[in-house]
Amino acid sequence: TAQEEGLLAKARAIGAEFVYEPEDVAKGVQEYLRLMDEGLTKHGRAMTMIPTYVTAVPNGTEKGVYLAVDLGGTNFRVCSIQLHGDSKFTLTQAKTPIPKSLMTGTSKELFSFLAKQIENFVKNHHADHFTAQGSTEHLKLGFTFSFPVEQVALNKGYLIRWTKGFDIQDAIGKDVCGLLQAEIDSLGLPVRVVALVNDTVGTLMARSYASPGKAGTLLGAIFGTGTNGAYVEKLSRIGKLHNKTEGEGEYDSSSGVMVINTEWGAFDNAMKVLPDTPYDRSLDKNSVNPGMQMFEKRVSGMFLGEILRNAIVALMKHGLFKMAHGTNIDENGPLFTPWSIDTSALSTIQADYTSEYTLTKQLLEREMGVSAATTGDAMAIKALVYGIGKRSARLAAVPIAATALATKAYDKYKEAKAEAEAKAKGGTPEEVEKIDIGVDGSVVEYYPGFERYLREALRDIQPLVEGAAGLEDAIRIGIAKDGSGVGAALIALVA
Ligand code: ADP
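- In the annotation of an unreviewed UniProt entry, the entry for the protein reads Phosphotransferase, and the organism field reads Dactylellina haptotyla.
- Turning to the protein, the UniProt record has this under Sequence similarities (unreviewed entry): "Belongs to the hexokinase family."
- Of the protein, the UniProt comment under Pathway (unreviewed entry) reads exactly: "Carbohydrate degradation; glycolysis; D-glyceraldehyde 3-phosphate and glycerone phosphate from D-glucose: step 1/4."

Below, the structure written as structure tokens:
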């Protein structure tokens, strides 16, 4: 009907507001390159570029048994990882919910609870370490701690503030590795906390161990609840890394590199180059941190559902849900409740190729409080989803392209390729190892076409950014599973 066509046209127009043009992706890459350099040399920038004191990435031949613990939000996870030295590993784990009362008590209460869980785990799974009484053979432990810390050494970091419902005042400003080690020691456990681990760095390490190549992984990237990345940078480019003092700021410089945790969620908080729509602006205004994490707010799982909700509300002024008599909308339901639409909804809708949009209609009923939506309504919503999801994936290309260029990883690839071609003398050249990127998170894993759209954006910038011709083909992307487990173990190993 004419009404349906009008609605679809409007939906496509809103979807088109999310189009992220090749020229804008290219501008994004240029700005990312600039902010990368700035963050590496100056303190206090939004995109922090944090030195992690990790100065090597694994190549898959590493061996041994390591412990890893993960204090994220709701659970405390303890695991041991046996690295087999052939890019494979065996993982044993135990998970305990953190009692709510401990989240707002004293640091002693929390950390002695954590140490107790480690004791249980080691007794259950590594009893052998208790038989050699007095032996100096300690198990090395990597501590994944997903709260803001100021890291000053591989195994030393001062807590800046709590997030995610934790509030333990006396821990602020303290070294969290020290707090954990003290409680481990008071239980007499043969365990050493050797590394404080950011989950992004864990992703990079896990992928580097498991990746098929020998050269190691360049970048680990997370597209989950939030988005962030860690990559291998030359020490000579990290201008702000200096003044080593006893126990702080020390690192092994023999590899000439260090992993940098970029905190790219804060890329372009100044909004010079990021795309912006009324739906983004409304989300930002209603967020707990307006003006912050502006890249993350356009890319990651915590936000895409809310962008969609804003766009759906806008489309309701243009006939959405008004075509069928009897369409029923819960006015106090999810569509009118900020932050109530889960990003998995976008994946479900994007993947709905049923002729009557059955999956989308079911989802509208189940998760959005809309019953009896028409096929026209569902089609219109899919047009919005398409725009939002594709923009997220294309934005993800910005830090990936910039990292490959800034580190000269792509220059090296081109040189190796030219060399291989010269050697082949017109025959088939030997294959050159691609630039390896490890990714993790539900958005990159489950949003249909995420990598395809990301790669389209990489190709789009090839003619627009200096030195980027042929870049897309040089990049290999692989899922990196379990950064906070095997990744943390690998950091404990290189410590
Ligand atoms: P985390 O980043 O917290 O470690 P995940 O990688 O699972 O965990 O990311 C969770 C985020 O991913 C949530 O914001 C959620 O809305 C979103 N999400 C969950 N399932 C999907 C899906 N199928 N498609 C897209 N996003 C999803």
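1. Here's the deal with the sheet that holds strand β15 (residues 475-479)
Within a beta sheet, neighbouring strands are joined by backbone hydrogen bonds and run either parallel or antiparallel to one another.
In step 1: With mixed pairing, six strands are arranged side by side in an open sheet as β1-β11-β10-β9-β14-β15. Two strands close off the open sheet at either side, each with one partner strand: β1 (50-51) and β15.
In step 2: In this structure, strand β9 (residues 219-223) lies alongside strand β14 (residues 435-440), joined through four bridges in parallel fashion. Note on β14: the bridge partner recorded for L219 is I437.
In step 3: Along the sheet, helix α12 (residues 375-406) contacts β9, β10 (227-234), β14 and β15; its crossing angle with β9, the most-contacted strand, is approximately 170 degrees.

2. With respect to the packing of helix α7 (residues 278-285) against helix α9 (residues 301-315)
In step 1: Their axes nearest at 9 Å, the elements α7 and α9 cross at an angle of 120 degrees. When the axis of α7 is compared with that of α9, the two are oblique. Where α7 crosses over α9, the two elements pack in a sense that is right-handed. Across the interface between the two elements, Y279, D280, S282 and L283 from α7 touch F303, E306, I307, N310, A311 and A314 from α9.

3. Focus on the packing of helix α1 (residues 2-16) against α12
In step 1: The N-to-C vectors of α1 and α12 enclose an angle of 10 degrees; their axes lie 8 Å apart at closest approach. By the criterion of interaxial angle, the relationship of α1 to α12 is roughly parallel. Within the contact between the two elements, α1 uses E4, L7, L8, A11, R12, I14, G15 and A16 and α12 uses G376, M379, A380, A383, L384, Y386 and G387.

4. A closer look at the site of the ligand
In step 1: Contacts to the ligand come from 13 residues, most closely from G224, G301, S347, S442 and Y446.
In step 2: For the shell around the ligand, the secondary-structure elements that each account for two or more residues are α9, α10 (344-350) and α14 (442-446).
In step 3: Ranked by residue count, the leading element in the shell around the ligand is α14, at three residues.
In step 4: Tallied by class, residues from the shell around the ligand come to four nonpolar, eight polar and one charged.

5. Notes on the sheet that holds strand β8 (residues 191-197)
In step 1: In spatial order, the strands read β4-β3-β2-β5-β8; together these five strands make up an open sheet with mixed pairing. A strand with exactly one partner marks an edge of an open sheet, and here the two such strands are β4 (89-97) and β8. Strand after strand, the sheet turns through a mean of 20 degrees between neighbouring axes, direction not considered.
In step 2: For strand β2 (residues 63-71) and strand β5 (residues 139-145), the ladder comprises five bridges, and the chain directions are parallel. Each residue of the ladder has a partner; that of L67, found in β5, is L141.
In step 3: Contacting β2, β3 (75-84), β4, β5 and β8, helix α3 (residues 107-125) crosses the sheet at an angle of about 40 degrees to β3.

6. A word on the domain arrangement of the protein
In step 1: The domain architecture assigned to the protein consists of domain 1 (1-50 + 270-481) and domain 2 (51-267 + 483-494).
In step 2: The gap between the C-alpha centroids of domain 1 and domain 2 is 30 Å.
In step 3: Each partner contributes to the interface: domain 1 provides 40 residues, whereas domain 2 provides 40 residues.
In step 4: Looking at the side of domain 1 that touches domain 2, the elements that each hand over two or more residues are α2 (22-41), α8 (296-299), α9, α12, β14 and α14.
In step 5: A per-class count over the side of domain 1 that touches domain 2 returns 22 nonpolar, twelve polar and six charged.

7. A word on the pairing of β5
In regular strands, side chains alternate between the two faces of the sheet.
In step 1: Across the seven residues of β5, six count as buried, placing the element largely inside the fold.
In step 2: Inspection of the sheet shows β5 paired to β8 by six bridges, in the parallel sense. Each residue of the ladder has a partner; that of G142, found in β8, is A195.

8. A short note on the environment of P429
In step 1: Position of P429 relative to the elements: it lies in the loop between α13 (409-424) and β14.
In step 2: When the 16 C-beta atoms within 10 Å are taken as the criterion, P429 is described as partly exposed.
In step 3: Counting along the chain gives 418 residues from P429 to A11, while the straight-line C-alpha distance between them is 49 Å.
In step 4: Leave out the neighbours within four places in its chain, and P429 touches A420, E421, K423 and A424.

9. Quick look at α1
In step 1: Given a rise of 1.5 Å per residue, 15 residues ought to cover 21 Å, and the 21 Å separating the end C-alpha atoms of α1 matches this to within 8%.
In step 2: When α1 is considered as a whole, its buried residues turn out to be L7, A11, I14 and G15. Taken around the axis of α1, the buried residues stretch over an arc of 100 degrees, which confines them to a single face. Exposed and oriented more than 90 degrees from the buried face of α1 are A2, E5, A9 and A16.
In step 3: At its buried positions, α1 is contacted by α9 and α12.

10. Side note on unusual backbone geometry
Excluding glycine, a negative phi dihedral is what most residues carry, and trans is how most peptide bonds are arranged.
In step 1: For M49, which is not glycine, the phi dihedral falls at a positive 55 degrees.
In step 2: Among the structural elements, M49 can be located in the loop between α2 and β1.
In step 3: Judged by local crowding, M49 falls into the buried class, with 24 C-beta atoms found within 10 Å.
In step 4: Even without being glycine, A372 reaches a positive phi, approximately 60 degrees.
In step 5: By secondary structure assignment, the location of A372 is in the loop between β13 (370-371) and α12.

What counts, and at which threshold
- Residues numbered from 1 in each chain as written.
- Predicted model: local features only at pLDDT ≥ 70, side-chain atom pairs only at ≥ 80, totals over all residues.
- UniProt positions renumbered as here; feature names shortened; annotations may be inferred.
- Pairing = 2+ DSSP bridges.
- Helix = DSSP H or I, 4+ residues; strand = E, 2+ residues; numbered from the N terminus.
- Contact = placed C-beta atoms within 7 Å.
- Axes fitted to C-alpha atoms, helices over the stretch in contact; angles between N-to-C directions.
- Parallel < 35°, antiparallel > 145°, perpendicular 65-115°, else oblique.
- Left-handed = near helix turned anticlockwise from the far one by under 90°.
- Near = placed C-beta within 6 Å.
- Nonpolar A, V, L, I, M, F, W, Y, C, P; charged D, E, K, R; others polar.
- Domains from an automatic or database assignment.
- Buried ≥ 20, exposed ≤ 12 C-beta atoms within 10 Å, placed from the backbone.
- Expected span 1.5 Å × (residues − 1).
- Arc of directions from axis to C-beta.

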